[in-house]
Amino acid sequence: MSALVPLAIVASGFRPHLGLVWAGVATFGPYAIAAGCAVFAARRWGTGSPAGSYGLRFRWWDLLFALAAVFAYFVIVTLVSATVVLVCGRPSGHSNVMHSPIAAVNILTVILAVLVAPVVEELVFRGMLLRALQRSLAGAAPSAGRSHGASVAAVAITAAAFAALHLPQLAFGVSPLIAVSTFVMGALFGTAAVLTGRIGTGIIAHALVNAIVASTVLLH
């Protein structure tokens, strides 16, 4: 998100406050549209609400599952990234969270990363898309084996789509390893959604991962 700020300020004629407004619109606008599409789909083709259509519900044990998912995420990403670096060398680039000298930008970054992105991205990818793919791949009268295969395929496809969504950030100098971290995130949280029938675990885990990454960068 921070990479959009210089562009927005230039587009606003080097007026920083107006640039921040444009950066906020450019950043939060797509999330608002995505959330609106998910809600519309739930009302049009689902049960009428995101809770029933996508499993947007929380249980107290979601926190425990989320902590386990966060631990698994960092272990897997560390091992896979280390393997990639060992084989291919360390790629250039930085984290997709950047520290800015403008305090308002850092505040917007935290709000986006910890509050907005986890809810909207889990709602769309592990809620709407994952469930739609499960139904489509399993067919009208799925057997147990076909249903399991459909779930595995749906998790893999949505994880790949989630990783692909983040690849345009490479144009702003973000490390290519983001493809690894986002695919692992998508696979873990997608598995949690399939096993629990809810996206509560994924939302909490997603928020925790983003909070850890953001705090590491912004407080460094």
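Residues numbered from 1 in each chain as written. Predicted model: local features only at pLDDT ≥ 70, side-chain atom pairs only at ≥ 80, totals over all residues. Heavy atoms only, no water.

## Some points on the overall build of the protein
Test applied: Strands are runs of DSSP state E lasting at least 2 residues, helices are runs of H or I lasting at least 4, and numbering of each runs from the N terminus. The criterion used for residue contact is that any of the two residues' heavy atoms lie within 4.5 Å. Surface accessibility in these figures is a Shrake-Rupley result with a 1.4 Å probe; residues are shielded only by whichever protein chains are displayed.
Per the secondary structure count, the protein includes eight helices and zero strands. Reading the secondary structure of the protein in the N-to-C direction produces α-α-α-α-α-α-α-α. Restricting to contacts in the protein with at least 6 residues of sequence separation, those with at least 24 account for 74%. Of the accessible surface of the protein, which amounts to about 11,500 Å², a share of 75% is contributed by carbon and sulfur atoms.

## Concerning the pattern of salt bridges
Between side chains of opposite charge, a pair can form when the charged atoms approach closely. Basically, it comes down to this: Whenever Lys or Arg places a side-chain nitrogen within 4 Å of a carboxyl oxygen from Asp or Glu, that contact is recorded as a salt bridge. The buried label applies to any residue whose accessible area, calculated with a 1.4 Å probe on protein chains only, is under 20% of its type's maximum; exposed applies above 50%, and partly exposed to all values in between.
Under the defined criterion, the tally for this structure stands at two salt bridges. Arg126 is the salt-bridge partner of Glu122, the closest N and O atoms lying 2.6 Å from each other. Residue Glu122 and its partner Arg126 are both found in helix 5 (residues 103-138); the two are separated by four residues, about one turn of the helix. Given a relative accessible area of 0%, Glu122 falls into the buried group. Judged by its relative accessible area of 1%, Arg126 is buried.

## Some words on helix 5
For clarity, the cut-off: How far a helix is expected to stretch is found by multiplying one less than its residue total by 1.5 Å. The bend at a residue is defined as the angle formed between two axes, one fitted to the seven residues ending at that residue and one fitted to the seven starting there.
With 36 residues, helix 5 extends 49 Å between its outermost C-alpha atoms, agreeing within 8% with the 52 Å of an ideal straight helix rising 1.5 Å per residue. Taking the largest bend as the criterion, helix 5 deviates by roughly 45 degrees, centred on Ala117, and proline Pro118 comes between one and four positions later. Just downstream of helix 5, Gly139 is the residue with a positive phi angle, here 90 degrees.

## Focus on the layout of surface pockets
In plain terms, the rule: Computed over the protein atoms alone on a 1 Å grid, cavities are sets of points where a 1.4 Å probe fits but cannot get out and pockets are open sets with protein on both sides within 12 Å along at least five of seven lines; a residue lines them when it has an atom within 4 Å of a point. Grid points are joined across faces, edges and corners, and a volume is the space filled by probe spheres set on the points. Each residue is assigned to one class: nonpolar for Ala, Val, Leu, Ile, Met, Phe, Trp, Tyr, Cys and Pro, charged for Asp, Glu, Lys and Arg, and polar for all the others, Gly among them.
Roughly 1,400 Å³ of internal volume is contained in the largest pocket. Where the lining of the largest pocket is concerned, the elements lending two or more residues are helix 2 (16-45), helix 4 (62-88), helix 5, helix 6 (144-166), helix 7 (178-196) and helix 8 (200-218). It is helix 5 that contributes the most residues to the lining of the largest pocket, eight residues altogether. Split by residue class, the lining of the largest pocket holds 30 nonpolar, 17 polar and two charged. What the second largest pocket holds in volume is close to 160 Å³. Contributing to the lining of the second largest pocket are Ala41, Ala42, Trp45, Gly46, Thr47, Ser53, Tyr54, Gly127, Met128, Arg131, Ala132 and Arg135. Counting only elements with at least two residues in the lining of the second largest pocket, the list comes to helix 2, helix 3 (50-54) and helix 5. The element contributing the most residues to the lining of the second largest pocket is helix 5, with five residues. Among the residues making up the lining of the second largest pocket, the classes are represented as six nonpolar, four polar and two charged.

## Focus: the packing of aromatic side chains
Formally: Centres within 6.5 Å make a pair out of two Phe, Tyr or Trp rings, where for Trp the six-membered ring is used; the pair is then stacked when the planes are under 30 degrees apart, edge-to-face when over 60, and tilted otherwise. Here, a charge over a ring is recorded when the distance from Lys NZ or Arg CZ to the ring centre is within 6 Å and its angle to the ring normal is within 35 degrees.
Using the criterion set out here, one finds four aromatic pairs in the structure. Sitting over the ring of Phe162, Arg126 keeps its end group 4.4 Å from the ring centre.

## Describing the packing of helix 5 against helix 7
Note the following rule: A fitted line through C-alpha atoms serves as each axis, taken over the contacting stretch for helices, and the angle formed by two N-to-C directions is quoted from 0 to 180°. Crossings are classed by handedness, with left-handed meaning an anticlockwise turn of the near helix from the far one by less than a right angle and right-handed meaning a clockwise turn.
Between helix 5 and helix 7, the least distance of the axes is 10 Å, while the angle of their chain directions is 65 degrees. In this structure, helix 5 meets helix 7 at a crossing whose hand is right-handed. Across the interface between the two elements, Glu122, Arg126, Leu130 and Gln134 from helix 5 touch Gly186, Phe189, Gly190, Ala193 and Val194 from helix 7. When the residues that make up the contact of helix 5 with helix 7 are grouped by side-chain class, the tally is four nonpolar, three polar and two charged.

## Concerning the packing of helix 7 against helix 8
When two helices pack together, their arrangement is given by the angle between the helix axes and by the axis-to-axis distance. Inclusion rule: Angle categories are assigned with fixed cut-offs, so that under 35 degrees is roughly parallel, over 145 is roughly antiparallel, 65 to 115 is roughly perpendicular, and the rest are oblique.
Between helix 7 and helix 8, whose axes approach to 9 Å, the crossing angle comes to 155 degrees. Classified by the angle their axes make, helix 7 and helix 8 are roughly antiparallel. For the element pair helix 7 and helix 8, the recorded crossing hand is right-handed. Taking contact as the criterion, the partners of Met185, Phe189, Ala192 and Thr196 in helix 7 are, on helix 8, Thr201, Gly202, Ala205, His206, Val209 and Asn210.

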